[in-house]
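Working through the structure, step by step
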Amino acid sequence: MAVMAEVSTTTGAALRSPASPAPVKEGDAEKLWFIEEMTSDVDAVQERVLAEILARNADTEYLTNCGLAGATDRATFRAKVPMATYEDLQPYIRRIADGDRSPILSGHPVSEFLTSSGTSAGERKLMPTIEDELNRRQLLYSLQMPVMNLYVPGMDKGKALHFLFVKSETRTPGGLAARPVLTSYYKSNHFKNRPFDAYNNYTSPTAAILCADAFQSMYAQMVCGLVQRHDVLRVGAVFASGLLRAIRFLQLNWEQLAADIETGALTPRVADPSVREAVAGLLRPDPELAAVIRAECSSGDWAGIITRIWPNTKYLDVIVTGAMAQYIPTLKYYSGGLPMACTMYASSECYFGLNLRPMCDPSEVSYTLMPNMCYFEFLPMDAAASGGDARQLVDLARVELGREYELVITTYAGLNRYRVGDVLQVTGFHNSAPQFRFVRRKNVLLSIESDKTDEAELQRAVERASALLRPHGAAVVEYTSQAYTKSIPGHYVIYWELLAKTPADGEAVDRETLDQCCLQMEEALNSVYRQSRVADGSIGPLEIRVVRSGTFEELMDYAISRGASINQYKVPRCVTFPPIIELLDSRVVSSHFSPALPHWTPGQRNDD
């Protein structure tokens, strides 16, 4: 054991930034050694993982249909098993969802479905999972803090204020649960019965996290975080947007929160008995703390509010890569410039890897894929652009520095050569393990939080809404969009240029009709978007900004002046470049918001 500790201390040095000479904690040595072991010969680990997956799933209908005949070697796998999309697997998944318990995709029983925020035909994708996947996820979680401890000492001396939430779940016709991956994890015994860990000591009681009512859960977590304000060493949520929603919640509810803390009595608006009981164990009359909250929140100055309320916070624990990068300036404003740690890369399909330099700038975040999690392959983006061919797939150990790839995975739960839809760029290596920057989700146009809207879906929504204009003799001649995140929660903004048969017709489109157009667009968007609007409150009402005639011609002129080809110019369906947004906003003649919530019910089938 002494030899292991000595080697592991060297391991810590390999992971550590030279600017952060924190010693390796005794309890962390084994975890850090595991990371070194897994990344030292990724090709050997990957070969073993693939053989394990193919052996345990050898008798499945899917691999039998591929003609694998029990083979577990890479050459046969590459020759026989095609790349697959969700649409390819959907018939198999539907049979499992409907109750077929034969080994269709997995040799182990499917325990539940994890609902992916990526959508198929407008609804959540259902990802089959098996019991021992929880162990792999738990393993990756257990590696996060040993890495963080190398950079930020003393994290065991306080608590984490993490705003964690469960979302609604359904059951498939065959009786299996269908729910988001984090909801599955928080409701698991791994989480609910976890042993005490000084590095993952949350201010939020488990009962508050598991409360399905978004207001009650947020309120209880916020009041507990305020009561323990001096214990808080890190503040976070899964996504940057979730943390900003918590700040917005504080802006709207600080007076009631202060009143509860002053009297030591929780508002009746939190009615869940288990939540009330959990909070009662922490809430005591504290007029002094109530006065601090009132002083900090009543002035209207919210700059640096996180460090003013929680003065010992060392960093924010949030995902700010991909679509979440749009929230970085706002988080810097509210936190007074605290570092932001993106610690892990995961999805509903599988958990993938870790950021071994968690305190780096958000623009430099790269993830080291852990080769024991699944079998990784990569489709070069130039090949993906032309449709892609399984013969062009590259193994984890053979990716090239600087190149972009689409991620393709084979999992223990029975996804074989599955195209995840994430585009990654190779940025470097840790030992022999490649490190990747998350570039984007393929084909995603708009995203505020877990929602993902592509160009075809936006087009359908515009077509549905513009039907309301026809009785007025008007039509949408051109449109574009942006994900507006300067307000909390963020919302979709759609720019419309209208064409009228006569000038008088254009003026005849009344405000109420255009407001209804907003709602019709929302009704046409997928269930992930509508759940975010109705149940989670994480997206605000959709907005249509009508621009004056000729605006999109000006947009084209601007693009051509910057070097675009007049023959190849296409109107961008989403805009992010500030000068273009400024041009559009300067031409707005009227703004309209959705007047109501779109329809969404938790009981709707997710696989239709």
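Everything below is about the structure shown above.
A brief report on the enclosed structure follows. (Residues numbered from 1 in each chain as written. Predicted model: local features only at pLDDT ≥ 70, side-chain atom pairs only at ≥ 80, totals over all residues. Heavy atoms only, no water.)

Some details on the overall build of the chain
Looking only at helices and strands, the chain features 23 helices and 22 strands. The C-alpha radius of gyration of the chain comes to 26 Å, within 12% of the 25 Å expected for a compact globule of 608 residues. Projected onto its principal axes, the C-alpha coordinates of the chain cover approximately 85 × 70 × 50 Å. Split into buried and exposed, the 608 residues of the chain put 55% on the buried side. Within the chain, contacts between residues at least 6 apart in sequence are counted, and of these 69% link residues at least 24 apart. Entry remark: accessible area of the chain is about 24,600 Å², with carbon and sulfur atoms responsible for 52%. Computed over 60 positive and 72 negative side-chain charges, the separation of the two mean positions in the chain equals 1 Å. (Helix = DSSP H or I, 4+ residues; strand = E, 2+ residues; numbered from the N terminus. Rg over C-alpha atoms; globule rule 2.2 N^0.38 Å. Buried < 20%, exposed > 50% of the residue type's maximum accessible area, 1.4 Å probe, protein only. Contact = heavy atoms within 4.5 Å. Areas by Shrake-Rupley, 256 points an atom, 1.4 Å probe, with all protein chains shown as cover. Lys, Arg positive; Asp, Glu negative; His and termini not counted. Charge placed at Lys NZ, Arg CZ, Asp CG, Glu CD.)

Focus: helix α22 (residues 551–561)
Of all the positions in α22, only T551, F552, L555 and A559 are classed as buried. All buried residues of α22 project into a common sector of 95 degrees when viewed along the axis, lining one side. The outward face of α22, more than 90 degrees from its buried face, is lined by the exposed residues E553 and S561. Those residues of α22 hidden inside the fold are in contact with β19 (474–484), β20 (491–500), β21 (543–547) and α23 (578–586). (Arc of directions from axis to C-beta.)

Here we look at the nonpolar core
With 168 residues, the main nonpolar core has F378, W496 and M521 as its most contacted residues. Those residues in contact with F378 that sit more than four places away from it in its chain are L369, Q392, L393, V394, D395, L396, V399, Y405, E406, L407, L424 and F436. V493, F552, V571 and L583 belong to the second largest nonpolar core, which has 13 residues in total. (Core = buried A, V, L, I, M, F, W, Y, C linked by side-chain atoms within 4.5 Å.)

Considering the pattern of salt bridges
Counting across every chain of the model gives 34 salt bridges. Here E522 and R533 are joined by a salt bridge, their closest N and O atoms 2.6 Å apart. You can see E522 sitting in helix α20 (residues 511–524) and its partner R533 sitting in helix α21 (residues 527–536), a full 11 residues away along the chain. R533 shares its class with E522; the two are buried. In this structure, the salt-bridge partner of E554 is R587, at a minimum N-O distance of 2.6 Å. You can see E554 sitting in helix α22 and its partner R587 sitting in the loop between α23 and β22 (588–593), a full 33 residues away along the chain. Assessed through its relative accessible area of 19%, R587 is described here as buried. Beyond isolated ion pairs, a larger network of salt bridges with shared partners links D43, R74, R78, D395 and R398. (Salt bridge = Lys/Arg side-chain N within 4 Å of Asp/Glu carboxyl O.)

Quick look at the packing of helix α12 (residues 240–263) against helix α16 (residues 328–335)
Axis separation between α12 and α16 bottoms out at 10 Å; the angle between their running directions is 45 degrees. Comparing the axis directions of α12 and α16 gives the class oblique. Crossing of α12 over α16 shows left-handed handedness. Taking contact as the criterion, the partners of A240, L243, L244, I247 and Q251 in α12 are, on α16, T330, L331 and Y334. A class-by-class count of the residues in the contact of α12 with α16 yields six nonpolar, two polar and no charged. (Axes fitted to C-alpha atoms, helices over the stretch in contact; angles between N-to-C directions. Parallel < 35°, antiparallel > 145°, perpendicular 65-115°, else oblique. Left-handed = near helix turned anticlockwise from the far one by under 90°. Nonpolar A, V, L, I, M, F, W, Y, C, P; charged D, E, K, R; others polar.)

A closer look at the pairing of β21
Among the five residues in β21, five count as buried, and that is most of the element. Two strands pair when backbone bridges link them, and β20 and β21 are joined in this way by five bridges, in the parallel orientation. Paired with W496 across the two strands is V546, which belongs to β21. Looking at chain direction, β21 and β22 are connected through five bridges and run antiparallel. Note that in β22 the partner of E543 across the bridge is F593. (Pairing = 2+ DSSP bridges.)

Examining the environment of L226
Among the structural elements, L226 can be located in helix α11 (residues 214–227). With 67 residues separating them along the chain, L226 and I293 place their C-alpha atoms 8.5 Å apart. Leaving out residues up to four positions away in the same chain, L226 has contacts with L250, L257, I261, L289, I293, I309 and W310.

A closer look at the sheet that holds strand β8 (residues 340–341)
With respect to topology, four strands assemble into an open sheet ordered β3-β6-β7-β8, the strand pairing being parallel. Both outer strands of the open sheet, β3 (159–163) and β8, are each paired with one neighbouring strand and no more. Two strands pair when backbone bridges link them, and β3 and strand β6 (residues 232–239) are joined in this way by five bridges, in the parallel orientation. Within β6, the position partnered with H162 by the bridge is G236. Here α11 sits on the sheet and contacts β3 and β6; the angle it forms with β3, its principal contact strand, is near 155 degrees. Contacts between α12 and the sheet are confined to β3, β6 and β7 (315–319), with β6 contributing the most and set at about 120 degrees to the helix.

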